[in-house]
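Structure assessment
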Amino acid sequence: MPGVAIVGAQWGDEGKGKIVDLLTEGADLVARYAGGPNAGHTLVIPNGRGGHDKIVVRLVPSGILWPDTVCVLGSGMVVDPLALSKELDELVAKGLWREGDRRLVLSDRAHMILPFHLLVDGLREKGQFAVGTTKRGIGPAYEDKARRNGVHLGALRDLARMERHVARALDAWTPALQAMGEKVPTPKEVVAAIEPVAARLVPLLGEGSLVVDEAIRAGKRVIFEGAQGTLLDIDHGTYPYVTSSSATSGGACTGIGVGPTAIRRVVGITKAYTTRVGGGPFPTELLDEMGERLRTAGGEFGAVTGRPRRCGWLDLPGLRYARRVNGLTDLIITKLDVLTGLSSIEFCVAYDTPDGRVRDLPLNTLDRAKPVYERLPGWSERIDHARSIGDLPANARAYVERIAAEVGVPLAMVSVGPQREATIRLRDLFA
Ligand code: IMP
(Lines give C-alpha, C1' and ligand atoms only; values in the text may rest on other atoms or scores of the structure.)
Protein backbone atom coordinates (compact mmCIF):
# COMPACT_ATOMS: atom_id res chain seq x y z
CA MET A 1 0.00 0.00 0.00
CA PRO A 2 1.67 3.27 -1.06
CA GLY A 3 2.32 5.72 1.75
CA VAL A 4 1.34 9.19 2.85
CA ALA A 5 3.81 12.08 2.59
CA ILE A 6 3.56 14.92 5.08
CA VAL A 7 5.09 18.23 3.98
CA GLY A 8 5.27 21.72 5.38
CA ALA A 9 3.38 24.10 3.08
CA GLN A 10 5.09 27.28 4.38
CA TRP A 11 8.52 28.07 5.88
CA GLY A 12 8.57 25.20 8.38
CA ASP A 13 7.23 25.01 11.93
CA GLU A 14 3.71 24.34 10.66
CA GLY A 15 3.03 21.84 13.45
CA LYS A 16 4.05 18.73 11.50
CA GLY A 17 5.22 17.12 14.76
CA LYS A 18 1.73 16.91 16.24
CA ILE A 19 0.18 15.72 12.98
CA VAL A 20 2.81 13.04 12.32
CA ASP A 21 2.43 11.99 15.95
CA LEU A 22 -1.36 11.65 15.51
CA LEU A 23 -1.06 9.78 12.24
CA THR A 24 1.67 7.54 13.56
CA GLU A 25 -0.79 5.97 15.97
CA GLY A 26 -2.13 4.10 12.95
CA ALA A 27 1.18 3.76 11.08
CA ASP A 28 3.71 0.95 10.94
CA LEU A 29 6.65 2.97 9.68
CA VAL A 30 7.72 6.62 9.61
CA ALA A 31 10.57 7.58 7.30
CA ARG A 32 12.15 10.99 7.47
CA TYR A 33 13.58 12.03 4.15
CA ALA A 34 15.43 15.33 4.42
CA GLY A 35 17.25 17.76 6.65
CA GLY A 36 18.98 17.02 9.92
CA PRO A 37 19.12 18.43 13.44
CA ASN A 38 17.88 21.81 12.13
CA ALA A 39 14.35 20.45 12.66
CA GLY A 40 12.85 20.18 16.12
CA HIS A 41 9.65 18.49 17.20
CA THR A 42 8.51 18.96 20.76
CA LEU A 43 6.90 15.77 22.00
CA VAL A 44 4.64 15.76 25.03
CA ILE A 45 4.61 12.37 26.76
CA PRO A 46 3.00 11.03 29.95
CA ASN A 47 5.68 10.78 32.69
CA GLY A 48 4.02 8.01 34.68
CA ARG A 49 3.49 10.36 37.65
CA GLY A 50 0.22 11.79 36.39
CA GLY A 51 1.93 14.62 34.50
CA HIS A 52 3.63 15.12 31.19
CA ASP A 53 7.26 15.53 30.12
CA LYS A 54 8.49 17.32 27.04
CA ILE A 55 11.32 16.20 24.85
CA VAL A 56 12.56 17.72 21.65
CA VAL A 57 13.54 15.30 18.88
CA ARG A 58 15.64 16.67 16.06
CA LEU A 59 16.71 13.68 14.05
CA VAL A 60 14.57 10.76 15.16
CA PRO A 61 11.02 10.79 13.73
CA SER A 62 8.30 11.40 16.31
CA GLY A 63 6.96 7.90 15.50
CA ILE A 64 9.44 6.70 18.13
CA LEU A 65 6.72 7.44 20.71
CA TRP A 66 4.70 4.43 19.55
CA PRO A 67 6.33 1.18 20.66
CA ASP A 68 5.74 -0.76 17.44
CA THR A 69 6.46 1.90 14.85
CA VAL A 70 9.63 1.52 12.82
CA CYS A 71 11.48 4.82 12.30
CA VAL A 72 13.82 5.30 9.35
CA LEU A 73 16.33 8.11 8.90
CA GLY A 74 16.56 8.34 5.11
CA SER A 75 19.62 8.72 2.93
CA GLY A 76 18.51 12.27 2.03
CA MET A 77 19.23 13.35 5.59
CA VAL A 78 22.39 14.72 7.13
CA VAL A 79 23.04 13.19 10.53
CA ASP A 80 25.28 14.51 13.28
CA PRO A 81 26.34 11.31 15.09
CA LEU A 82 27.06 13.16 18.33
CA ALA A 83 23.69 14.96 18.30
CA LEU A 84 21.94 11.69 17.45
CA SER A 85 23.63 9.90 20.33
CA LYS A 86 22.52 12.65 22.74
CA GLU A 87 18.98 12.30 21.43
CA LEU A 88 19.16 8.54 21.99
CA ASP A 89 20.30 9.16 25.61
CA GLU A 90 17.11 11.12 26.20
CA LEU A 91 14.92 8.52 24.51
CA VAL A 92 16.51 5.78 26.64
CA ALA A 93 16.06 7.84 29.82
CA LYS A 94 12.37 8.33 29.00
CA GLY A 95 11.90 4.63 28.25
CA LEU A 96 11.03 5.29 24.60
CA TRP A 97 13.83 3.28 23.04
CA ARG A 98 16.13 0.46 24.16
CA GLU A 99 19.84 0.38 23.32
CA GLY A 100 20.37 -1.43 20.01
CA ASP A 101 16.64 -1.64 19.20
CA ARG A 102 16.43 -2.03 15.41
CA ARG A 103 13.09 -0.25 15.40
CA LEU A 104 15.32 2.68 14.52
CA VAL A 105 17.04 2.30 11.14
CA LEU A 106 19.80 4.68 10.04
CA SER A 107 20.31 4.68 6.28
CA ASP A 108 23.97 4.02 5.76
CA ARG A 109 23.98 6.44 2.80
CA ALA A 110 22.82 9.41 4.86
CA HIS A 111 25.65 11.90 5.15
CA MET A 112 27.46 12.76 8.35
CA ILE A 113 27.61 16.20 9.85
CA LEU A 114 31.10 16.47 11.30
CA PRO A 115 32.45 19.02 13.81
CA PHE A 116 34.09 21.16 11.09
CA HIS A 117 30.69 21.53 9.35
CA LEU A 118 29.29 23.10 12.52
CA LEU A 119 32.37 25.31 12.77
CA VAL A 120 32.01 26.62 9.19
CA ASP A 121 28.24 27.15 9.54
CA GLY A 122 28.75 29.19 12.71
CA LEU A 123 31.59 31.29 11.28
CA ARG A 124 29.71 32.11 8.09
CA GLU A 125 26.72 33.25 10.09
CA LYS A 126 28.96 35.92 11.65
CA GLY A 127 29.72 37.32 8.19
CA GLN A 128 27.94 39.71 5.85
CA PHE A 129 26.28 36.93 3.84
CA ALA A 130 24.51 35.29 6.78
CA VAL A 131 21.30 33.42 5.96
CA GLY A 132 20.13 33.01 9.54
CA THR A 133 20.79 29.26 9.64
CA THR A 134 20.32 27.06 12.70
CA LYS A 135 24.14 26.67 12.86
CA ARG A 136 23.83 22.89 13.04
CA GLY A 137 26.25 22.30 10.12
CA ILE A 138 23.45 21.48 7.68
CA GLY A 139 24.62 23.58 4.70
CA PRO A 140 28.32 22.61 4.84
CA ALA A 141 27.44 18.89 5.16
CA TYR A 142 25.21 19.06 2.08
CA GLU A 143 27.92 21.03 0.30
CA ASP A 144 30.31 18.13 0.89
CA LYS A 145 27.69 15.72 -0.43
CA ALA A 146 27.18 17.74 -3.61
CA ARG A 147 30.91 18.15 -4.27
CA ARG A 148 31.38 14.43 -3.68
CA ASN A 149 33.49 14.82 -0.56
CA GLY A 150 30.84 13.74 1.91
CA VAL A 151 31.19 10.97 4.45
CA HIS A 152 28.37 8.41 4.61
CA LEU A 153 27.02 7.32 7.97
CA GLY A 154 27.96 3.79 6.87
CA ALA A 155 31.62 4.81 7.18
CA LEU A 156 31.21 4.35 10.94
CA ARG A 157 31.58 0.62 10.30
CA ASP A 158 35.24 1.08 9.40
CA LEU A 159 36.91 4.03 11.12
CA ALA A 160 40.18 3.68 9.20
CA ARG A 161 38.25 4.09 5.96
CA MET A 162 36.29 6.93 7.49
CA GLU A 163 39.56 8.72 8.20
CA ARG A 164 40.44 8.62 4.49
CA HIS A 165 37.05 10.08 3.54
CA VAL A 166 37.39 12.77 6.20
CA ALA A 167 40.81 13.66 4.78
CA ARG A 168 39.23 14.34 1.37
CA ALA A 169 36.55 16.55 2.90
CA LEU A 170 39.08 18.46 5.00
CA ASP A 171 41.29 19.02 2.02
CA ALA A 172 38.42 20.89 0.34
CA TRP A 173 37.65 22.95 3.45
CA THR A 174 41.26 23.86 4.30
CA PRO A 175 41.46 27.13 2.29
CA ALA A 176 38.14 28.34 3.72
CA LEU A 177 39.06 27.45 7.29
CA GLN A 178 42.47 29.08 6.95
CA ALA A 179 40.92 32.22 5.43
CA MET A 180 38.65 32.40 8.47
CA GLY A 181 41.71 32.13 10.73
CA GLU A 182 40.78 28.68 12.02
CA LYS A 183 43.07 25.78 12.81
CA VAL A 184 42.36 22.90 10.43
CA PRO A 185 41.74 19.69 12.41
CA THR A 186 43.50 16.51 11.35
CA PRO A 187 41.39 13.62 10.02
CA LYS A 188 42.49 11.64 13.07
CA GLU A 189 41.12 14.30 15.42
CA VAL A 190 37.80 14.35 13.58
CA VAL A 191 37.42 10.56 13.71
CA ALA A 192 38.47 10.53 17.37
CA ALA A 193 35.63 12.95 18.16
CA ILE A 194 33.06 10.63 16.57
CA GLU A 195 34.54 7.30 17.62
CA PRO A 196 32.92 7.19 21.11
CA VAL A 197 29.43 6.94 19.55
CA ALA A 198 30.28 4.65 16.61
CA ALA A 199 29.71 1.35 18.43
CA ARG A 200 26.27 2.53 19.49
CA LEU A 201 25.17 3.61 16.00
CA VAL A 202 26.66 0.86 13.84
CA PRO A 203 24.07 -1.79 14.84
CA LEU A 204 21.32 0.58 13.68
CA LEU A 205 22.72 1.06 10.18
CA GLY A 206 20.69 -0.43 7.37
CA GLU A 207 19.25 -0.02 3.91
CA GLY A 208 16.43 2.50 4.51
CA SER A 209 15.15 2.19 0.96
CA LEU A 210 14.76 -1.57 1.32
CA VAL A 211 13.03 -1.36 4.71
CA VAL A 212 10.51 1.16 3.34
CA ASP A 213 9.94 -0.76 0.11
CA GLU A 214 9.30 -4.00 2.00
CA ALA A 215 6.82 -2.26 4.30
CA ILE A 216 4.92 -0.84 1.34
CA ARG A 217 4.83 -4.18 -0.46
CA ALA A 218 3.60 -5.88 2.70
CA GLY A 219 0.63 -3.49 2.84
CA LYS A 220 1.94 -1.63 5.89
CA ARG A 221 1.00 1.95 6.64
CA VAL A 222 3.96 4.16 5.81
CA ILE A 223 4.44 7.87 6.45
CA PHE A 224 7.09 9.94 4.69
CA GLU A 225 7.92 12.75 7.08
CA GLY A 226 9.25 15.97 5.62
CA ALA A 227 11.22 18.54 7.57
CA GLN A 228 11.23 22.35 7.21
CA GLY A 229 8.76 23.55 4.56
CA THR A 230 8.12 24.15 0.88
CA LEU A 231 9.50 27.69 0.84
CA LEU A 232 12.75 26.50 2.46
CA ASP A 233 13.32 23.88 -0.25
CA ILE A 234 16.69 24.20 -1.99
CA ASP A 235 15.08 24.16 -5.46
CA HIS A 236 11.62 25.59 -4.87
CA GLY A 237 12.10 27.91 -1.89
CA THR A 238 13.06 31.55 -1.46
CA TYR A 239 16.66 30.93 -2.54
CA PRO A 240 19.24 31.71 -1.14
CA TYR A 241 17.26 31.98 2.09
CA VAL A 242 16.53 28.29 2.15
CA THR A 243 17.83 25.14 3.74
CA SER A 244 20.10 22.85 1.73
CA SER A 245 17.77 19.91 1.15
CA SER A 246 14.58 18.95 -0.68
CA ALA A 247 11.76 19.67 1.73
CA THR A 248 9.05 19.21 -0.90
CA SER A 249 7.33 15.89 -1.64
CA GLY A 250 9.74 15.00 -4.45
CA GLY A 251 12.40 14.81 -1.75
CA ALA A 252 10.52 11.86 -0.23
CA CYS A 253 11.41 9.76 -3.27
CA THR A 254 15.05 10.78 -3.60
CA GLY A 255 15.59 11.06 0.15
CA ILE A 256 14.39 7.53 0.87
CA GLY A 257 15.07 5.74 -2.39
CA VAL A 258 11.57 4.88 -3.59
CA GLY A 259 9.68 5.89 -6.72
CA PRO A 260 6.72 8.29 -6.95
CA THR A 261 4.36 5.29 -7.03
CA ALA A 262 5.28 4.66 -3.38
CA ILE A 263 3.24 7.74 -2.42
CA ARG A 264 -0.50 8.00 -2.87
CA ARG A 265 -1.33 11.05 -0.80
CA VAL A 266 0.58 14.24 -0.17
CA VAL A 267 -0.60 16.15 2.86
CA GLY A 268 0.37 19.81 3.19
CA ILE A 269 0.40 21.38 6.63
CA THR A 270 -0.14 25.08 7.11
CA LYS A 271 -0.72 27.26 10.12
CA ALA A 272 -3.78 29.52 10.09
CA TYR A 273 -1.22 32.35 9.76
CA THR A 274 2.43 32.40 8.65
CA THR A 275 5.80 32.30 10.39
CA ARG A 276 9.39 32.22 9.29
CA VAL A 277 12.72 31.98 11.14
CA GLY A 278 15.94 33.44 9.77
CA GLY A 279 16.45 35.90 6.92
CA GLY A 280 14.69 36.24 3.58
CA PRO A 281 11.56 37.75 2.07
CA PHE A 282 8.27 37.46 3.95
CA PRO A 283 5.77 39.86 2.36
CA THR A 284 2.89 39.24 4.79
CA GLU A 285 5.11 39.74 7.85
CA LEU A 286 3.58 41.90 10.59
CA LEU A 287 6.13 44.11 12.29
CA ASP A 288 3.52 45.73 14.51
CA GLU A 289 1.56 44.77 17.61
CA MET A 290 -0.41 42.20 15.65
CA GLY A 291 2.80 40.32 14.82
CA GLU A 292 3.73 40.41 18.51
CA ARG A 293 0.29 39.15 19.44
CA LEU A 294 0.57 36.17 17.08
CA ARG A 295 4.06 35.40 18.42
CA THR A 296 2.90 35.42 22.04
CA ALA A 297 -0.40 33.61 21.48
CA GLY A 298 1.22 31.02 19.23
CA GLY A 299 4.38 30.52 21.34
CA GLU A 300 6.37 31.28 18.20
CA PHE A 301 9.93 30.66 19.34
CA GLY A 302 12.23 28.18 17.57
CA ALA A 303 12.31 24.65 19.05
CA VAL A 304 16.01 24.29 18.12
CA THR A 305 17.45 27.77 18.52
CA GLY A 306 14.86 29.52 20.72
CA ARG A 307 14.83 32.42 18.24
CA PRO A 308 11.60 34.47 18.06
CA ARG A 309 9.82 33.57 14.84
CA ARG A 310 8.73 36.29 12.43
CA CYS A 311 4.91 36.27 12.24
CA GLY A 312 2.40 37.45 9.64
CA TRP A 313 -0.91 36.82 7.91
CA LEU A 314 -1.68 33.75 5.85
CA ASP A 315 -0.35 33.79 2.30
CA LEU A 316 -2.78 32.04 -0.06
CA PRO A 317 -0.62 32.44 -3.20
CA GLY A 318 2.12 30.72 -1.17
CA LEU A 319 -0.23 27.84 -0.35
CA ARG A 320 -1.34 27.54 -3.98
CA TYR A 321 2.33 27.32 -4.88
CA ALA A 322 2.79 24.60 -2.24
CA ARG A 323 -0.13 22.71 -3.81
CA ARG A 324 1.58 22.90 -7.18
CA VAL A 325 5.14 21.93 -6.31
CA ASN A 326 4.15 19.18 -3.89
CA GLY A 327 1.05 17.86 -5.68
CA LEU A 328 -0.99 18.23 -2.48
CA THR A 329 -4.00 15.95 -2.14
CA ASP A 330 -4.96 17.08 1.37
CA LEU A 331 -4.59 20.17 3.49
CA ILE A 332 -4.25 20.40 7.27
CA ILE A 333 -4.63 23.73 9.05
CA THR A 334 -2.98 24.04 12.47
CA LYS A 335 -3.07 26.60 15.27
CA LEU A 336 -6.50 27.97 14.36
CA ASP A 337 -7.03 28.61 18.09
CA VAL A 338 -4.21 31.20 18.05
CA LEU A 339 -6.49 33.54 16.06
CA THR A 340 -9.28 33.40 18.64
CA GLY A 341 -10.09 36.86 19.98
CA LEU A 342 -9.15 38.85 16.88
CA SER A 343 -11.92 41.12 15.64
CA SER A 344 -10.97 40.44 12.05
CA ILE A 345 -8.49 38.27 10.19
CA GLU A 346 -6.61 39.36 7.11
CA PHE A 347 -5.13 37.05 4.49
CA CYS A 348 -3.21 37.64 1.30
CA VAL A 349 -5.13 36.59 -1.83
CA ALA A 350 -2.84 37.95 -4.55
CA TYR A 351 0.29 40.06 -5.14
CA ASP A 352 0.84 43.34 -6.91
CA THR A 353 4.13 43.01 -8.78
CA PRO A 354 6.01 45.10 -11.38
CA ASP A 355 4.23 42.86 -13.93
CA GLY A 356 0.75 43.48 -12.54
CA ARG A 357 -1.51 41.61 -10.13
CA VAL A 358 -0.85 37.87 -9.84
CA ARG A 359 -2.55 35.05 -7.95
CA ASP A 360 0.55 32.85 -8.09
CA LEU A 361 3.45 33.37 -5.72
CA PRO A 362 5.87 35.73 -7.54
CA LEU A 363 8.92 33.87 -6.29
CA ASN A 364 11.42 35.89 -8.33
CA THR A 365 10.15 39.30 -7.24
CA LEU A 366 8.90 38.43 -3.77
CA ASP A 367 11.03 41.12 -2.13
CA ARG A 368 9.24 43.78 -4.21
CA ALA A 369 5.75 42.23 -4.30
CA LYS A 370 2.94 43.90 -2.38
CA PRO A 371 0.35 41.60 -0.80
CA VAL A 372 -3.31 42.22 -1.63
CA TYR A 373 -5.35 41.48 1.47
CA GLU A 374 -8.91 40.49 2.15
CA ARG A 375 -10.45 40.33 5.55
CA LEU A 376 -13.00 38.14 7.32
CA PRO A 377 -14.60 38.72 10.71
CA GLY A 378 -12.97 36.91 13.66
CA TRP A 379 -14.50 35.00 16.60
CA SER A 380 -14.14 35.27 20.35
CA GLU A 381 -15.31 31.85 21.55
CA ARG A 382 -12.75 29.22 22.63
CA ILE A 383 -12.47 26.55 19.97
CA ASP A 384 -10.16 23.95 21.54
CA HIS A 385 -13.11 21.67 22.32
CA ALA A 386 -14.19 21.51 18.64
CA ARG A 387 -14.09 17.97 17.25
CA SER A 388 -16.13 18.50 14.10
CA ILE A 389 -16.26 21.40 11.70
CA GLY A 390 -19.82 22.11 12.90
CA ASP A 391 -18.46 22.74 16.44
CA LEU A 392 -16.54 25.79 15.18
CA PRO A 393 -18.01 29.29 15.42
CA ALA A 394 -19.44 30.27 12.01
CA ASN A 395 -16.64 32.80 11.38
CA ALA A 396 -13.88 30.26 12.13
CA ARG A 397 -15.54 27.75 9.86
CA ALA A 398 -15.89 30.36 7.10
CA TYR A 399 -12.15 31.13 7.39
CA VAL A 400 -10.92 27.52 7.08
CA GLU A 401 -13.39 26.74 4.30
CA ARG A 402 -12.24 29.82 2.40
CA ILE A 403 -8.61 28.67 2.70
CA ALA A 404 -9.40 25.20 1.35
CA ALA A 405 -11.42 26.67 -1.52
CA GLU A 406 -8.69 29.18 -2.44
CA VAL A 407 -5.96 26.54 -2.37
CA GLY A 408 -8.14 24.03 -4.19
CA VAL A 409 -7.30 21.14 -1.86
CA PRO A 410 -9.75 19.43 0.55
CA LEU A 411 -9.23 19.78 4.27
CA ALA A 412 -8.17 16.64 6.11
CA MET A 413 -7.80 18.09 9.61
CA VAL A 414 -7.93 21.30 11.57
CA SER A 415 -5.88 21.54 14.74
CA VAL A 416 -7.45 23.68 17.46
CA GLY A 417 -4.94 23.23 20.29
CA PRO A 418 -1.60 21.59 21.12
CA GLN A 419 -3.06 18.41 22.66
CA ARG A 420 -3.66 15.32 20.55
CA GLU A 421 -7.41 15.43 21.15
CA ALA A 422 -7.72 19.09 20.09
CA THR A 423 -8.18 18.09 16.46
CA ILE A 424 -11.02 18.10 13.95
CA ARG A 425 -10.58 15.06 11.73
CA LEU A 426 -12.30 15.26 8.37
CA ARG A 427 -10.67 12.53 6.31
CA ASP A 428 -8.95 9.23 7.10
CA LEU A 429 -5.60 9.66 5.41
CA PHE A 430 -4.96 5.92 5.29
CA ALA A 431 -8.36 5.04 3.79
P1 IMP B 1 19.80 25.63 7.95
O2 IMP B 1 18.78 24.60 7.56
O3 IMP B 1 20.22 25.51 9.39
O4 IMP B 1 20.94 25.68 7.00
O5 IMP B 1 19.08 27.06 7.86
C6 IMP B 1 18.66 27.61 6.61
C7 IMP B 1 17.33 28.35 6.77
O8 IMP B 1 16.30 27.40 7.06
C9 IMP B 1 17.29 29.36 7.92
O10 IMP B 1 16.46 30.44 7.55
C11 IMP B 1 16.65 28.58 9.06
O12 IMP B 1 16.01 29.43 10.00
C13 IMP B 1 15.65 27.77 8.27
N14 IMP B 1 15.27 26.54 8.96
C15 IMP B 1 15.98 25.39 9.04
N16 IMP B 1 15.30 24.46 9.74
C17 IMP B 1 14.13 25.02 10.09
C18 IMP B 1 12.98 24.53 10.79
O19 IMP B 1 12.89 23.38 11.22
N20 IMP B 1 11.97 25.43 10.94
C21 IMP B 1 12.01 26.68 10.44
N22 IMP B 1 13.05 27.17 9.78
C23 IMP B 1 14.10 26.34 9.60
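Note that the structure is predicted; figures quoted are calculated from it, not measured.

Overview of the pattern of salt bridges
- With the rule as written, the count across this model stands at 29 salt bridges.
- Asp 108 is the partner of Arg 157 in a salt bridge, and the nearest nitrogen-oxygen pair spans 3.2 Å. Remark: Asp 108 occurs in the loop between β7 (104-107) and β8 (111-112) and Arg 157 occurs in the loop between α4 (138-146) and α5 (159-179); sequence separation between them is 49 residues.
- When its relative accessible area of 48% is taken as the criterion, Arg 157 is described as partly exposed.

Concerning the domain arrangement of the chain
- Domain boundaries assigned for the chain yield domain 1 (3-105 + 207-425) and domain 2 (111-201).
- The C-alpha-based centres of domain 1 and domain 2 are spaced at 29 Å.
- The partner domain 2 presents 21 residues to the 30 residues of domain 1 that form the contact.
- Regarding the contact of domain 1 and domain 2, the summed buried area is about 2,100 Å², with carbon and sulfur atoms giving 61% of it.
- If you sort the residues of domain 1 by the area they bury against domain 2, Val 78, Pro 81 and Leu 82 come out on top, with a joint share of 27%.
- On the surface where domain 1 and domain 2 come into contact, there are two salt bridges.
- The interface formed by domain 1 and domain 2 includes 10 residue pairs in polar contact (both at pLDDT 80 or more).
- Listing elements by their share of the side of domain 1 that touches domain 2, those giving two or more residues are β6 (78-79) and α2 (81-93).
- Taken together, the residues of the side of domain 1 that touches domain 2 sort by class into 14 nonpolar, 12 polar and four charged.

What to know about the site of the ligand
- The environment of the ligand is formed by 16 residues, the closest being Asp 13, Asn 38, Thr 134, Thr 243 and Val 277.
- Within the side chain of Asn 38, an N or O atom sits 2.9 Å from an oxygen atom of the ligand.
- In isolation the ligand exposes 470 Å². Once the protein is present, 96% of that is buried.
- Each of domain 1 (3-105 + 207-425) and domain 2 (111-201) gives at least three residues to the shell around the ligand.

Topic: the side chain of Asp 121
- If you trace the backbone, Asp 121 turns up in helix α3 (residues 115-124).
- Buried within the structure, Asp 121 lacks any salt-bridge partner; its nearest side chain of opposite charge belongs to Arg 124, at an N-O separation of 5.9 Å.
- A distance of 2.9 Å separates a polar side-chain atom of Asp 121 from the backbone nitrogen of Gly 137.
- Other than its neighbours up to four places away in sequence, Asp 121 contacts Thr 133, Lys 135, Arg 136, Gly 137, Ile 138 and Pro 140.

Quick word on the nonpolar core
- If you look at the biggest cluster of nonpolar residues, it comprises 61 residues, and the most contacted ones within it are Val 212, Phe 224, Leu 336, Leu 339, Leu 392, Tyr 399 and Ile 403.
- A total of six residues in this core trace back to one element, the largest contributor, which is helix α11 (residues 394-407).
- The residues touching Leu 392, leaving out its near neighbours within four places in the chain, are Leu 336, Ile 383, Ala 386, Arg 397, Val 400, Val 416 and Ile 424.
- Ranked by size, the runner-up nonpolar core spans 43 residues in total, among them Met 77, Leu 114, Leu 153 and Val 191.

Describing unusual backbone geometry
- Of note, the bond from Tyr 239 into Pro 240 is cis; its omega dihedral lies within 30 degrees of zero at 5°.
- Here Pro 240 lies in the loop between β10 (222-225) and α8 (250-256).
- Positive phi, close to 60°, is recorded for Asp 13, a residue that is not glycine.
- Its identity as a non-glycine residue notwithstanding, Lys 135 has a phi of 60°, on the positive side.
- Topologically, Lys 135 is positioned in the loop between α3 and α4.
- Since its relative accessible area comes to 45%, Lys 135 is described here as partly exposed.

Looking at the sheet that holds strand β11 (residues 263-271)
- The 10 strands lie next to each other as β9-β7-β5-β2-β10-β1-β11-β15-β19-β20, forming an open sheet whose pairing is mixed. Edge positions in the open sheet fall to β9 (205-206) and β20 (423-425), since each of these has one partner strand only.
- Of the pairings in the sheet, the one linking strand β2 (residues 29-32) to β10 comprises four bridges and is parallel in character. Paired with Leu 29 across the bridge in β10 is Val 222.

A closer look at the environment of Asp 315
- Within the secondary structure, Asp 315 is located in strand β14 (residues 314-315).
- C-alpha of Asp 315 to C-alpha of Glu 346: the two residues are 31 residues apart in sequence and 9.7 Å apart in space.
- Those residues in contact with Asp 315 that sit more than four places away from it in its chain are Thr 274, Thr 284, Cys 348, Tyr 351 and Leu 361.
- Within polar-contact distance, the side chain of Asp 315 engages the backbone nitrogen of Gly 318 at 2.9 Å.

Things to note about empty space enclosed by the protein
- For the structure shown, the criterion picks out two cavities of 30 Å³ or more.
- Surrounding the largest cavity, Ala 9, Gln 10, Trp 11, Leu 231, Thr 274, Leu 314, Asp 315, Gly 318 and Leu 319 form its lining.
- Only β14 and α10 (316-326) provide two or more residues apiece to the lining of the largest cavity.
- By volume, the second largest cavity is sized at about 30 Å³.

Here we look at the environment of Leu 65
- You can see Leu 65 is positioned in the loop between β4 (52-57) and β5 (70-73).
- Along the sequence, Leu 65 and Val 184 sit 119 residues apart, while their C-alpha atoms lie 40 Å from each other.
- Non-local contacts of Leu 65, meaning those with residues more than four positions away in its chain, are made with Asp 21, Leu 43, Ile 45, Leu 96 and Arg 420.

As for the packing of α2 against helix α6 (residues 187-201)
- Relative orientation of the contacting elements α2 and α6 amounts to 50°, with a least axis distance of 9 Å. The angle between the axes of α2 and α6 places the two elements in the oblique class. Judged by the twist between their axes, the crossing of α2 over α6 is left-handed. The residues of α6 that touch α2, namely those facing Pro 81, Leu 82, Leu 84, Ser 85, Leu 88, Asp 89 and Val 92, are Ala 193, Ile 194, Val 197, Arg 200 and Leu 201.

The rules behind the values
- Residues numbered from 1 in each chain as written.
- Predicted model: local features only at pLDDT ≥ 70, side-chain atom pairs only at ≥ 80, totals over all residues.
- Heavy atoms only, no water.
- Salt bridge = Lys/Arg side-chain N within 4 Å of Asp/Glu carboxyl O.
- Helix = DSSP H or I, 4+ residues; strand = E, 2+ residues; numbered from the N terminus.
- Buried < 20%, exposed > 50% of the residue type's maximum accessible area, 1.4 Å probe, protein only.
- Domains from an automatic or database assignment.
- Contact = heavy atoms within 4.5 Å.
- Buried area = accessible area lost by both parts, 1.4 Å probe.
- Polar contact = N/O pair within 3.5 Å; in protein donor to acceptor, adjacent residues only side chain to side chain.
- Nonpolar A, V, L, I, M, F, W, Y, C, P; charged D, E, K, R; others polar.
- Near = heavy atom within 4 Å.
- Areas by Shrake-Rupley, 256 points an atom, 1.4 Å probe, with all protein chains shown as cover.
- Lys, Arg positive; Asp, Glu negative; His and termini not counted.
- Core = buried A, V, L, I, M, F, W, Y, C linked by side-chain atoms within 4.5 Å.
- Pairing = 2+ DSSP bridges.
- 1 Å grid on protein atoms, 1.4 Å probe; cavity = no way out; pocket = protein on both sides within 12 Å on 5 of 7 lines; lining within 4 Å.
- Points joined across faces, edges and corners; volume = space filled by probe spheres on them.
- Axes fitted to C-alpha atoms, helices over the stretch in contact; angles between N-to-C directions.
- Parallel < 35°, antiparallel > 145°, perpendicular 65-115°, else oblique.
- Left-handed = near helix turned anticlockwise from the far one by under 90°.

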